[in-house]
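# Secondary and tertiary structure notes
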Amino acid sequence: MKMSNPMKVSDAAALKLEGTKKATKRRGQYGILRNKFLYLMILPGFIYFVIFKYLPMGGLIISFQDYQPYLGIADSPWVGLKHFIRLFTEPTFFMLLSNTLILFALNIVIFFPLPIILALMLNEVRHRYFKNAIQTIIYIPHFMSWVIIVSITYVFLTVDGGVINEMLAAMGFQKISFLTSPEWLRTMYMAQIIWKELGWSTIIYLAAITVVDTQLYEAAEMDGAGRLRKTWHVTLPAIRPVIITLLILKIGTTLDLGFEHMYLLLNSLNREVAEIFDTYIYTAGLKNGQLSFSTAVGLFKGLVGLILIMMANKLAKKFGEDGVY
Amino acid sequence: MKKSQIIAMKKVAAVVVSSALILTACGGENASSGVYDANSKAEISWLNILHTASPPTDTVLNKLEEKTNSDITFSWIPDASKEERINTALASDSLSDIVTLTLLDNSSVRNALKSGMFWEVEPYLKDYPNLAKIPPETIKSASIGGKLYGVPFQKDLARNGVTIRKDWLDKLGLEVPKTTDELMAVAKAFTEQDPDGNGANDTTGFVDRNDLVYGAFKTLSSYFGTPNNWQVSEDGKMTPEFMTEGYMKTMNYMKDLYDKGYINKDFAVTAKTDQQQKFAQGKAGIYVGALFDSKNLLNMSKGVQDDMELVMANDITSTGNESDRAIWAANNGIGGLLSFPRSEVKDEAELKRILKFVNDLLDEDSFALMTYGIEGTHYKVDDKDAATITNTDLWQQEVQPFASSRPKESGYNIHDADPLKQMADKMIADNANYAVLNPAYALESETYNTQGSELQKMIVDATYKYILGEIDENGFNQAIESWKSAGGSSIISEYEASYKATQS
């Protein structure tokens, strides 16, 4: 009730923006001068993107060379698509691609909806202190590093005296070699991600839920809607744009499956399901010193990510939502 | 607070004084002709490998600087990330006056050396008393394409062996094993006969880690007569170790240990620290690794397993014949190079001054300083030059990190008074008589340089899978076939060609 009508405020802002736009067009170059403080505020971000995101892209050039550090980019020999051909013809390529895409799909299908459900559930908690306590507790794992989480998992799951396996043995089951069996890797990977990131991911949804117009809930109540109905017909539609935007953004970043995380889980016995582009780039590129080849792998991975995000954006627009661009 | 302020002031004073010295030194120096002033204070930056958790404090460093008349600035690289750190340093040309290069078979390190990025030092060595003493065979094996691009680290050829709980052997009435079968019997007894006498079935024979080279596998493979990485026949045919009978025997041995539970089940994912902890906690009685680890294992067990007594074995064979004794030599005994990049060491005079510094590091005094620390502070020494560390915690903090700065590790008068360490040193020296070298170490293969470690991964994975029973002999042979077709065949033929070139 306090925030009487957020829709109206934003409408007004949009109108005003429209107004400035027109004004800028009419007055030409005076617009920049008039809005100089706005441009000044953009500047740091702009510089950041140029220095840390655009300039390094020039380095992608070495994926078409046999880059030798002491020769530099200028003198290293050009080899065309050699490294890409090697990537696509190597027997590991399909393993890498499928492992990466499967984990990507699991991330979207299993992990993505969870924070939404949790946020809706938290929203229904009426006791304020209880709600805050729960929120704080589920945020905490986000601040732990993967090294710690994987170490904890190791202590729990090892066959040599790990708690879980001891419990299994005590209950008369066979011990399970979680850490070395390929079948368990994806489950372990997802469980760790959920444990670490679930709480943190609810933040934006919770914020989105708080701005839902309370009048809508009151109206729904008048019509005799229960809690579930209200969630389904009021809350969810209200936060739908947020969900779509986050989904598209997530698709863009999920191909980065977390090098550190996977590198720590990877071993000789689960490599067939655990080796992903990120770990491959590390071993081939940095450890083995093949900078050009690993740049080629990285570039390919970037392209796959770009295609995925464009597809998602198009799909979103088809369903009548605003995309991210 | 006060103390640190005083130290800070001292540092400032030292910097002022030393920079004044450098200024005067520069004034008198004639750079172009390669003449250097041996008495000038050298300012040296050093990219070095750190094997301990944190870098050393300045105590020993100050003494070392005094001793070598230099001003040393270390940039430490943790051992665990040395590959990528050295590679990025090479790629971005952010090097120091001295760069410790330990991975001479890494392709980018090799390419960098061959490119002429570093000074070639062989012609200069004869002018320095300690450097002139480096044996010619060491120089030969540390050379790449016949050229020596740095001062080689002189390490022991073969450092590995088996460490066993002596108190457990005694309790069960067993002898120190001489053959692999006896070793298996000991492992069985340690697993099944409750050697710690606590009434619980909570011990295993072996405790191993996720490392087929520095863990148990490679050392055991030597006992089965496996070559060290490569075997070369009379007529110049090269065979990789995993295509030999010895390798198969070793895999079967490990598989046996695994199937019967004589080894920790999760060895494939156990880290070195966990492995050593398990041994120190009395969960296992056989440790295969560097022989000098025995001293650390015993130290770690203090307060946990106070009854622990250790015995080492380096004469195990699969046949029981003394003539079959063999032990693989890590990197053919070359611990790496101290290299001097041309981008940092600009002229001959500077190079000569730095070589003088390295020469000084090889002195007995410097060795004692970097190994035991400062007499009276870290250790005491008796009239037979036997040193005992008196303050282990302080030694670990201030001295131990310098271990990797020693260009040479043995052949000095001063020695450890610890009987276990002495025994280990003796056995390591003894190992040199039976050392198996890698004939491909100095050979060139383009495919190995670009894809070597990717290919090696296929074999490592298959070896683990065989030991854990996920694939059988057919499966392993299939892995070898795919290794061949993915580039292994090219490595073989390239090595053979390179070998032929060196023979003629």
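The shown structure was predicted, so the numbers you read here are calculated from the model rather than taken from an experiment.

### Points about the overall build of chain A
Along chain A, the regular secondary structure elements total 17 helices and zero strands. Relative to its length of 325 residues, chain A is extended, with a C-alpha radius of gyration of 25 Å against a globular reference of 20 Å. Here the analysis covers contacts within chain A between residues at least 6 apart in sequence; of these, 64% occur between residues at least 24 apart.

### Digging into the sheet that holds strand β5 (residues 160-165) of chain B
Residues and elements named next belong to chain B. With mixed pairing, four strands are arranged side by side in an open sheet as β6-β9-β5-β10. Either end of the sheet is taken by a strand with one partner, and the two such strands are β6 (204-206) and β10 (310-313). Strand-to-strand twist of the sheet, defined as the mean angle between neighbouring strand axes without regard to direction, takes the value 20 degrees. Bridging between β6 and strand β9 (residues 284-290) involves two bridges; their strand directions are parallel. When the bridges of β9 are listed, T204 appears paired with A284.

### Quick notes on the pairing of strand β2 (residues 70-78) of chain B
Residue and element names in this part refer to chain B. In this sheet, β2 lies alongside strand β1 (residues 42-50) in parallel orientation, the contact comprising nine bridges. Opposite E43, over in β2, you have D71 as the bridge partner. For the crossover from β1 across helix α2 (residues 58-68) to β2, the handedness is right-handed.

### Side note on the sheet that holds strand β4 (residues 151-154) of chain B
Residues and elements named next belong to chain B. Judged by pairing direction, the sheet is mixed, and its five strands sit side by side in the order β2-β1-β3-β12-β4 without closing on themselves. The outermost strands of the open sheet, each flanked by one partner alone, are β2 and β4. Pairwise comparison of adjacent strand axes, ignoring direction, gives a mean angle of 25 degrees for this sheet. Across the sheet, helix α3 (residues 82-92) lies against β1, β2 and β3 (98-101), angled at about 125 degrees from β2, the strand it touches most. Here helix α14 (residues 348-361) sits on the sheet and contacts β1, β2, β3, β4 and β12 (334-339); the angle it forms with β1, its principal contact strand, is near 55 degrees.

### Observations concerning the interface of chain A and chain B
Each side of the interface is counted separately: chain A has 21 residues, and chain B has 30 residues. Tallying contributions element by element places helix α16 (residues 277-287) of chain A first for the side of chain A that touches chain B, with four residues.

### Let's talk about the domain arrangement of chain B
Annotation of chain B at the domain level lists domain 1 (17-157 + 334-409) and domain 2 (160-328 + 438-442). A separation of 34 Å is found between the C-alpha centroids of domain 1 of chain B and domain 2 of chain B.

### Some points on helix α3 (residues 36-54) of chain A
Residue A:L43 marks the point of greatest curvature in α3(A), where the axis turns by about 35 degrees; the proline A:P44 follows within four residues. Little of α3(A) sits out of view: just zero of its 19 residues are buried.

### Description of the nonpolar core
Residues and elements named next belong to chain B. One finds V186, A187, F206, L220, L257, I286 and A424 to be the most contacted residues of the largest nonpolar core, which totals 57 residues. The leading source of residues in this core is helix α18 (residues 446-467), at seven residues. Ignoring any residue separated from it by four or fewer positions in sequence, one finds I286 in contact with V162, I164, V186, A187, F190, G205 and F206. Counting 37 residues, the second-largest nonpolar core is a separate cluster that includes A89, V109, L337 and I354.

Scoring rules and cut-offs
- Residues numbered from 1 in each chain as written.
- Chains lettered and ligands numbered in written order.
- Predicted model: local features only at pLDDT ≥ 70, side-chain atom pairs only at ≥ 80, totals over all residues.
- Helix = DSSP H or I, 4+ residues; strand = E, 2+ residues; numbered from the N terminus.
- Rg over C-alpha atoms; globule rule 2.2 N^0.38 Å.
- Contact = placed C-beta atoms within 7 Å.
- Pairing = 2+ DSSP bridges.
- Axes fitted to C-alpha atoms, helices over the stretch in contact; angles between N-to-C directions.
- Right-handed = clockwise from strand over helix to strand, strands pointing away.
- Domains from an automatic or database assignment.
- Bend = angle between axes of the 7 residues up to and from the residue.
- Buried ≥ 20, exposed ≤ 12 C-beta atoms within 10 Å, placed from the backbone.
- Core = buried A, V, L, I, M, F, W, Y, C linked by C-beta atoms within 7 Å.

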